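Secondary and tertiary structure notes
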Amino acid sequence: MTNTWSDLEKLAPDWYRTFGESMPMGFEVTPDQIDIIRDCIRQKSQKPLDDYVESLPKDVLF
């Protein structure tokens, strides 16, 4: 099953409740990162997302 933007948007309320801010979406966070976003919410930590962003190639501009 392919994740969609709608699937990602459904996580936004949980993200807001957990972190008190809007969920990042766009260039670096797409439906492909749904599992990472879920991990962040479950762990109550943005570290999984930070680790993902840090792993992106440095020569790619978003």
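These lines cover the structure that appears in this document, whether it is placed above or below. Note that this is a predicted model, so its numbers are computed, not measured. (Residues numbered from 1 in each chain as written. Predicted model: local features only at pLDDT ≥ 70, side-chain atom pairs only at ≥ 80, totals over all residues. Heavy atoms only, no water.)

The next thing to look at is unusual backbone geometry. Unusually for a residue other than glycine, Lys 44 sits at a positive phi of about 55°. Its place among the elements puts Lys 44 in the loop between helix 3 (34-43) and helix 4 (47-55). (Helix = DSSP H or I, 4+ residues; strand = E, 2+ residues; numbered from the N terminus.)

Turning our eyes to something else, we now look at the packing of helix 2 (residues 12-19) against helix 3. Packed helix pairs are characterised by how far apart their axes lie and by the angle those axes make with each other. Packing of helix 2 against helix 3 brings their axes to within 9 Å, and their N-to-C directions diverge by 35°. Crossing handedness for the pair helix 2 and helix 3: left-handed. Note on element contacts: helix 3 touches helix 2 through Ile 37, Cys 40 and Ile 41, opposite Asp 14, Trp 15, Thr 18 and Phe 19. Looking at side-chain class alone, the contact of helix 2 with helix 3 contains five nonpolar, one polar and one charged residues. (Axes fitted to C-alpha atoms, helices over the stretch in contact; angles between N-to-C directions. Left-handed = near helix turned anticlockwise from the far one by under 90°. Contact = heavy atoms within 4.5 Å. Nonpolar A, V, L, I, M, F, W, Y, C, P; charged D, E, K, R; others polar.)

A few words now on the side chain of Asp 7. Relative to the helices and strands, Asp 7 is located in helix 1 (residues 5-9). Lys 10 provides the closest opposite charge to the buried, unpaired Asp 7, separated from it by 4.1 Å. When sequence neighbours within four positions are dropped, the list of residues in contact with Asp 7 reads Thr 2 and Ile 34. (Buried < 20%, exposed > 50% of the residue type's maximum accessible area, 1.4 Å probe, protein only. Lys, Arg positive; Asp, Glu negative; His and termini not counted. Salt bridge = Lys/Arg side-chain N within 4 Å of Asp/Glu carboxyl O.)

The subject of this paragraph is the packing of aromatic side chains. Across all of its chains, the model carries one aromatic pair by this definition. Relative to Phe 19, the ring of Trp 15 lies with its centre 4.4 Å away and its plane at 50°, an arrangement referred to as tilted. In this pair, Trp 15 and Phe 19 are both assigned in helix 2, four residues apart and thus about one turn of the helix distant. Considered together, Trp 15 and Phe 19 belong to a single accessibility category, that of buried residues. (Phe/Tyr/Trp six-rings, centres within 6.5 Å; stacked < 30°, edge-to-face > 60°.)

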